[in-house]
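What follows is the residue order along each chain.
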Amino acid sequence: PLHLAFRNAATEAVVKLLLLAYPYSVEVPDRKGRLPLTLAQAAPEPHRDVFIKALEKGPSHYAMAATEATREKIVAEQEAIFEARLAQTRQFHDYEVSELKAEFEKKEQEALDKIAELE
């Protein structure tokens, strides 16, 4: 796919997505034995420099970027799960506290009533 992107003047965003999806495609020759860098050097002028610069970063750059993107996604998912559980726990605690308050007020009133009877 990377070779086709260079031959067909794909956008920088498409090339970046391809490199993130398969970083080591930088080192894979096409059926004619050409590496992506060769095709990037032959790409039309508006995209040539962008393609070459992207390839010069190397596969490890894109592998690390893909790993970081995955990590960020996982962290965001975990934070969402945590926040949902926290909200649920708070709601449960609020309910329990209100039940305890109601029970306390009832017992307090009973105690006041007994005191009034004794007086």
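As a starting point, this report considers the structure included with it.

Here is what the cut-offs are and how they apply
- Residues numbered from 1 in each chain as written.
- Predicted model: local features only at pLDDT ≥ 70, side-chain atom pairs only at ≥ 80, totals over all residues.
- Heavy atoms only, no water.
- 1 Å grid on protein atoms, 1.4 Å probe; cavity = no way out; pocket = protein on both sides within 12 Å on 5 of 7 lines; lining within 4 Å.
- Points joined across faces, edges and corners; volume = space filled by probe spheres on them.
- Helix = DSSP H or I, 4+ residues; strand = E, 2+ residues; numbered from the N terminus.
- Nonpolar A, V, L, I, M, F, W, Y, C, P; charged D, E, K, R; others polar.
- Salt bridge = Lys/Arg side-chain N within 4 Å of Asp/Glu carboxyl O.
- Buried < 20%, exposed > 50% of the residue type's maximum accessible area, 1.4 Å probe, protein only.
- Expected span 1.5 Å × (residues − 1).
- Arc of directions from axis to C-beta.
- Contact = heavy atoms within 4.5 Å.

### Here we look at the layout of surface pockets
As a volume, the largest pocket reaches approximately 160 Å³. Every residue along the wall of the largest pocket is listed here: E12, V15, K16, V50, K53, A54, K57, H61 and Y62. Secondary structure elements with two or more residues in the lining of the largest pocket: α2 (12-21), α4 (45-56) and α5 (58-118). Residue composition of the lining of the largest pocket, grouped by class: four nonpolar, one polar and four charged.

### Observations concerning the pattern of salt bridges
Within this structure, the stated rule accounts for three salt bridges. The salt bridge partner of K107 is E103, with a shortest N-O separation of 3.7 Å. In this pair, K107 and E103 are both assigned in helix α5, four residues apart and thus about one turn of the helix distant. Note on E103: relative accessible area 42%, which makes it partly exposed.

### Topic: α4
Taking 1.5 Å per residue as the helical rise, α4 with its 12 residues ought to reach 16 Å, and the 17 Å between its terminal C-alpha atoms agrees with that figure. Those residues of α4 that sit buried are F51, I52, A54 and L55. In an axial view of α4, the angular spread of the buried residues amounts to 160°, which keeps them on one side of the axis. Exposed side chains of α4 directed beyond 90 degrees from the buried face belong to P46, D49, K53 and E56. Its buried side turned inward, α4 meets α1 (2-7), α2, α3 (36-41) and α5. Backbone geometry just after α4 places G58 at a positive phi near 85°.

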